[in-house]
Amino acid sequence: MAVDLHSHSTYSDGSDTPAELVSRARERGLTAVALTDHDTLEGVEEATAAADGIEVIPGTELSLQRLEGGMHLVVLWLSPGRGPLQDRLAELQYARGSRNQLIVDELTRLGMPITLDEILVEAGDGSVGRPHIAAVMVRKGYVPDIKTAFDLWLANGAPAYVKRRLLTPEEGIGLAIESGAVPVLAHPHTLGINRAVEMADILDELKSYGLIGLEAHYSTYHQHERDGYADLARRFGLLASGGSDYHGTYKQGIELGSGHGDLAVPESLLEALRERRQ
Ligand code: AMP
Ligand code: FE
Ligand code: FE
Ligand code: ZN
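Residues numbered from 1 in each chain as written. Chains lettered and ligands numbered in written order. Predicted model: local features only at pLDDT ≥ 70, side-chain atom pairs only at ≥ 80, totals over all residues. Heavy atoms only, no water.

Engineer: What is the right way to read the overall build of the protein chain from this model?
Structural biologist: Tallying secondary structure elements over the protein chain gives 10 helices and eight strands in all. Its C-alpha radius of gyration of 18 Å places the protein chain within 12% of the 19 Å reference for a compact globule of 278 residues. In terms of overall dimensions, the protein chain has a C-alpha envelope of 50 × 45 × 40 Å along the principal axes. For the protein chain, the residues scored as buried account for 52% of the 278 residues in total. The long-range fraction of contacts in the protein chain, counting pairs at least 24 apart against all pairs at least 6 apart in sequence, stands at 69%. When the accessible surface of the protein chain is split by element, carbon and sulfur atoms take 52% of a total near 12300 Å². (Helix = DSSP H or I, 4+ residues; strand = E, 2+ residues; numbered from the N terminus. Rg over C-alpha atoms; globule rule 2.2 N^0.38 Å. Buried < 20%, exposed > 50% of the residue type's maximum accessible area, 1.4 Å probe, protein only. Contact = heavy atoms within 4.5 Å. Areas by Shrake-Rupley, 256 points an atom, 1.4 Å probe, with all protein chains shown as cover.)

Set out below in structure tokens:
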């Protein structure tokens, strides 16, 4: 029995509605799916309502502040409503709005006229961000695809990149724990660390804030990487997690549950994580 503990819907930068995502999970034979839209829980209610015979785990994915490399945190069992982390999500939404305006202004200045309204129409409800800007750039013929939009213009270091204020690792993990949720370090390769001592330092630090899991099973990982990360998790007293990071058409070639074809996240990982839920 397989599960998928990392996915995105139209409430962030996925192309399936929460209801479509849940029915896709059911068709793929999954027993549980976590909806982890960036910085929002807005899709959870719709997903839960569509959960007929399949478990929907409410969650979100946060980007955490770091000097270099991308540190993302998948937060499982974060319920919609009020709470320490839930309340901070609203602030993150607000900061996204001003940042998106700065990005479209910069693109316009660079000869690619684009408006915030066009981005909002593309995004619909929920978190609005660079993938939606990229999609509008593709539609307007400025770039051939979303990846090129990032590589040439939107990625960190590219001409139209604008920083946004993020939670620190201590804040993000701490708030998740205070909110009764289970924080998991997402796709650890994006940290950009290849030295074992450096990885050990980071995992020790994150563990001291309360980190519970590490995403060892991920679409782009080969089996030896999945085994390696699962072993790393075990050695640092963390639980292995896993998910496809399915985004529909926003990330081509990744299927819910199976990733690029060979992903299979066992139900036993979910059960171990569930036991750590406060
Ligand atoms: P934002 O939340 O607005 O900062 O956008 C970040 C999101 O954009 C990530 O979570 C990914 O889904 C997507 N993304 C980041 N880098 C790339 C890239 N190089 N190509 C395609 N999508 C990307
Ligand atoms: Fe995304
Ligand atoms: Fe991520
Ligand atoms: Zn993700």
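The structure having been displayed, the exposition proceeds.
Engineer: Any chance you could explain the environment of leucine 116 here in plain terms?
Structural biologist: With respect to the helices, strands and loops of the structure, leucine 116 is situated in helix α4 (residues 116–123). Along the sequence, leucine 116 and glycine 97 sit 19 residues apart, while their C-alpha atoms lie 8.9 Å from each other. When neighbours within four sequence positions are excluded, leucine 116 is seen to be in contact with Asn100, Gln101 and Val104.

Engineer: Whenever I open this one, the coordination of the iron ion (ligand 3) confuses me. Can you help?
Structural biologist: In an ideal octahedron of six donors the angles at the metal are 90 or 180 degrees, and in an ideal tetrahedron of four donors they are 109.5 degrees. At the metal site, the iron ion (ligand 3) is ligated by Glu61 (OE), His72 (ND1) and His187 (NE2), and these contacts range over 2.0 to 2.3 Å. The motif formed by the donor residues of the iron ion (ligand 3), counted along the single chain, is E-x10-H-x114-H. Between the iron ion (ligand 3) and the iron ion (ligand 2) the interatomic distance amounts to 5.8 Å. Of this pair, histidine 72 sits in strand β4 (residues 71–76) while histidine 187 sits in the loop between β5 (182–185) and α8 (196–209), and the two are 115 residues apart along the sequence. In this structure histidine 187 comes out as buried when scored by relative accessible area, which is 4%. (Donors = N, O, S within 2.8 Å, 3.2 Å for Na, K, Ca; no water.)

Engineer: What is the right way to look at the pairing of strand β2 (residues 30–35) in this model?
Structural biologist: Sheet faces and side chains relate simply in a regular strand, where the side chains alternate between the two faces. Of all six residues that make up β2, five are buried, and the element is covered over most of its length. Sheet analysis places β2 next to strand β3 (residues 55–64), joined by four bridges and oriented parallel. Pairing of alanine 32 across the sheet is with glutamate 55, part of β3. (Pairing = 2+ DSSP bridges.)

Engineer: Is there a simple way to think about the site of ligand 1 in this case?
Structural biologist: Around ligand 1 sit Asp13, His38, Arg96, Arg99, Gly129, Arg130, Pro131, Phe150, Arg164 and His247, and those are all the residues in its vicinity. Histidine 38 has a polar side-chain atom sitting 3.0 Å from an oxygen atom of ligand 1. For ligand 1, an oxygen atom lies 2.8 Å from a polar atom in the side chain of arginine 96. Bound to the protein, ligand 1 loses 78% of the 500 Å² it would expose on its own. Of all the elements in the fold, those that place two or more residues in the shell around ligand 1 are α3 (84–109) and α5 (130–139). Its residues placed into classes, the shell around ligand 1 shows two nonpolar, three polar and five charged. When residues of the shell around ligand 1 are sorted by domain, at least three fall in each of domain 1 (2–89 + 166–277) and domain 2 (91–154). (Near = heavy atom within 4 Å. Polar contact = N/O pair within 3.5 Å; in protein donor to acceptor, adjacent residues only side chain to side chain. Nonpolar A, V, L, I, M, F, W, Y, C, P; charged D, E, K, R; others polar. Domains from an automatic or database assignment.)

Engineer: I tried to follow the environment of proline 80 on my own but got confused; where do I start?
Structural biologist: Positionally, proline 80 belongs in the loop between β4 and α3. Residue classification places proline 80 among the partly exposed residues on the basis of a relative accessible area of 46%. Remark: the alpha-carbon pair of proline 80 and alanine 155, spanning 75 residues in sequence, is separated by 30 Å. Discounting chain neighbours no more than four positions away, the residues touching proline 80 are Leu41 and Val44.

Engineer: What should I look at first to understand the coordination of the zinc ion (ligand 4) in this one?
Structural biologist: Taken together, His6 (NE2), His8 (NE2), Glu61 (OE) and Asp245 (OD) make up the protein donors of the zinc ion (ligand 4), found 2.1 to 2.2 Å from the metal. Viewed at the metal, the four donor atoms of the zinc ion (ligand 4) are separated by angles of 81 to 174°, and the geometry they form is irregular. Sequence spacing of the donor residues for the zinc ion (ligand 4), all on one chain, is H-x1-H-x52-E-x183-D. (Tetrahedral: all angles 85-135°; square planar, octahedral: opposite > 155°, others 65-115°.)

Engineer: Is there a simple way to explain empty space enclosed by the protein in this structure?
Structural biologist: If a probe the size of a water molecule is rolled over the atoms, the empty space left behind becomes visible. Under the criterion given, the structure shown has one cavity of 30 Å³ or more. Within this model, the largest cavity holds a volume of roughly 30 Å³. The wall of the largest cavity is formed by Asp39, Leu62, Ser63, Leu92, Arg164, Leu166 and Leu167. A per-class count over the lining of the largest cavity returns four nonpolar, one polar and two charged. (1 Å grid on protein atoms, 1.4 Å probe; cavity = no way out; pocket = protein on both sides within 12 Å on 5 of 7 lines; lining within 4 Å. Points joined across faces, edges and corners; volume = space filled by probe spheres on them.)

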